[in-house]
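Residue-level structure breakdown
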Amino acid sequence: MNEIERSVTRDEPRWLGPSAPSRIGLIPPLSAARWLLVLIAAAGIYFFHGFLVPVLAALVIAFASWPIYRDLQRNTGGNRTVAATLAILLILIFLIVPVVIAITYTINEVREWFYWAVETNRVGAPTPEWIVALPSVGPWFDEQWEKYIGHPGAIGELIQIVSGANIGNIYRGVLAAGGGLFDLFLTLLFMLIALFFVYRDGEYFAGQVDRLGERILPARWERISRVVPATISSTVTGMTLIAIGEGIVLGIAYWVAGVPSPVTLGVLTGVMALIPGGAPLSFTLVSIYLVASGSPVAGVALFAWGSIELFIVDKTLRPKLVGGPIKLPFLPTFFGLIGGVKTMGFLGLFIGPVLMALLVAIWREWLREVDLTDAQRREIELANTAETRPPDRAPDQE
């Protein structure tokens, strides 16, 4: 009886279709796998796009400092974890020491400005002569100075007017500054964490990327894959050397021209030299100060010297140092720097030239392939011509 019931139940029609699974899917398995990979990649980009900047910064630092890490790994007996920890400590020292020096200098300068503002608010201060001597705008600046700063109590009145009318904007500005500092701290923290794992597991990851690259571009991956680390390393090293050199050269020029605090201005010029247009802006402002303070010859000479030095660096040294083995021309280097800063900020100084180097490498690879194709075609045409040419007849013998 049980067997009859089971057979009847098995033969009854199903409400949701046949009980046996269909062997033909609605979506082909390969297409479903591809769409699944696309969705997973889109979800990963959506959830982790906020970590793009710290990860890229970690990769840039790792590529530039990889020789140091290899030396540390060799000195620690091949222990990658200890070598990565020591490399992170060196990076922290390299970052913290300049920041501490800059903060100390800023605190001292702010303290001097604060003492000057308190004393000026108590007794007043006349307009500096170099401001009065400015052509065309000197009298207007003199009038504004006397109105808002010159007489006793003027700075206090100005602070009351500004703070009373804009207290909401000041509060929002303070909150925004605090939020920006917290975001910067988190970015630095994530960058250091990513940098540690790039140091420790970078070789394994690079091997996996090479395996995939050889599957995708079997004939070109070996050449293109070496462009990125070499370009990043040379870009970081080249821009750092250029910034240090411009800071030293222009700092000496400031000292010769008689500018006050030439060392400080030289350091600021070197830092500004990392940004496109920063160095010319620095020595132009110093030249204007010299002209306005009664030293027109020194100001014009400083501006001429800075322009010549900048022209030489941008036309000769920067294209050779920035770009690595690709040897980027001046225009792609310039576009890479400006476009990188515009889209990614300070990190774009290094990412922009790398992208331009990749574009130039791909372009040259295409040209190389075209040249090889043309050469092969010419060889085939010559071979076909030689085969179809009739043989030379021997001369008639008498």
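Notes on the structure in this doc start here. (Residues numbered from 1 in each chain as written. Predicted model: local features only at pLDDT ≥ 70, side-chain atom pairs only at ≥ 80, totals over all residues. Heavy atoms only, no water.)

**Here's the deal with helix α12 (residues 278-292)**
Taking 1.5 Å as the rise per residue, α12 with 15 residues should run 21 Å; its terminal C-alpha atoms sit 21 Å apart, in good agreement. Taken residue by residue, α12 has Gly 278, Ala 279, Ser 282, Phe 283, Val 286, Ser 287, Leu 290 and Ala 292 as its buried positions. Count one or two residues on from α12 and you reach Gly 294, which has phi positive near 100 degrees. (Helix = DSSP H or I, 4+ residues; strand = E, 2+ residues; numbered from the N terminus. Expected span 1.5 Å × (residues − 1). Buried < 20%, exposed > 50% of the residue type's maximum accessible area, 1.4 Å probe, protein only.)

**Here we look at the packing of aromatic side chains**
A full pass over the atoms with the stated rule returns nine aromatic pairs. Note on Trp 140 and Phe 141: the rings are 5.3 Å apart at their centroids and 70 degrees apart in plane angle, and the pair reads as edge-to-face. (Phe/Tyr/Trp six-rings, centres within 6.5 Å; stacked < 30°, edge-to-face > 60°.)

**Here's the deal with the layout of surface pockets**
Here the second largest pocket is characterised by a volume of approximately 1000 Å³. Elements represented by at least two residues in the lining of the second largest pocket include exactly α3 (52-75), α8 (167-216), α9 (221-224), α10 (227-257) and α15 (348-388). Looking at the lining of the second largest pocket element by element, the count peaks at ten residues for α8. For the lining of the second largest pocket, the residue count by class is 23 nonpolar, two polar and five charged. (1 Å grid on protein atoms, 1.4 Å probe; cavity = no way out; pocket = protein on both sides within 12 Å on 5 of 7 lines; lining within 4 Å. Points joined across faces, edges and corners; volume = space filled by probe spheres on them. Nonpolar A, V, L, I, M, F, W, Y, C, P; charged D, E, K, R; others polar.)

**A look at the pattern of salt bridges**
Once the charged atoms of two side chains with opposite charge are near each other, the side chains can pair. According to the stated counting rule, one finds four salt bridges in the structure shown. With its nearest N and O atoms 3.3 Å apart, the salt bridge here joins Asp 201 to Arg 200. Residue classification places Asp 201 among the partly exposed residues on the basis of a relative accessible area of 24%. Between Asp 374 and Arg 377 there is a salt bridge, with the nearest N and O atoms lying 2.9 Å from each other. With a gap of three residues between them, Asp 374 and Arg 377 both fall in helix α15, about one helical turn apart. On the basis of relative accessible area, Asp 374 is assigned to the partly exposed category, the value being 27%. (Salt bridge = Lys/Arg side-chain N within 4 Å of Asp/Glu carboxyl O.)

**Describing the packing of α10 against α12**
Between α10 and α12, whose axes approach to 12 Å, the crossing angle comes to 5 degrees. Of the possible angle classes, the one that applies to α10 and α12 is roughly parallel. Touching Glu 246, Leu 250, Tyr 254 and Ala 257 of α10 are Ala 279, Ser 282, Phe 283, Val 286 and Leu 290, all from α12. (Axes fitted to C-alpha atoms, helices over the stretch in contact; angles between N-to-C directions. Parallel < 35°, antiparallel > 145°, perpendicular 65-115°, else oblique. Contact = heavy atoms within 4.5 Å.)

**Looking at the nonpolar core**
Ranked by size, the top nonpolar core spans 30 residues in total, and within it Val 60, Leu 195 and Tyr 199 carry the most contacts. If one sorts the elements of this core by residue count, α3 sits on top with seven residues. (Core = buried A, V, L, I, M, F, W, Y, C linked by side-chain atoms within 4.5 Å.)

**Description of the side chain of Gln 73**
Within the fold, Gln 73 resides in helix α3. Of the residues examined, Gln 73 reaches a relative accessible area of 12% and is grouped as buried. With residues near it in sequence (within four places) discarded, Gln 73 still touches Gly 78, Asn 79, Arg 80, Ala 83 and Glu 203.

**A look at the environment of Thr 269**
On the secondary structure map, Thr 269 appears in helix α11 (residues 262-272). It is 7.6 Å that separates the C-alpha atoms of Thr 269 and Leu 250, two residues lying 19 residues apart in sequence. If sequence neighbours within four positions are ignored, Thr 269 has contacts with Leu 250, Tyr 254, Ala 279 and Ser 282.

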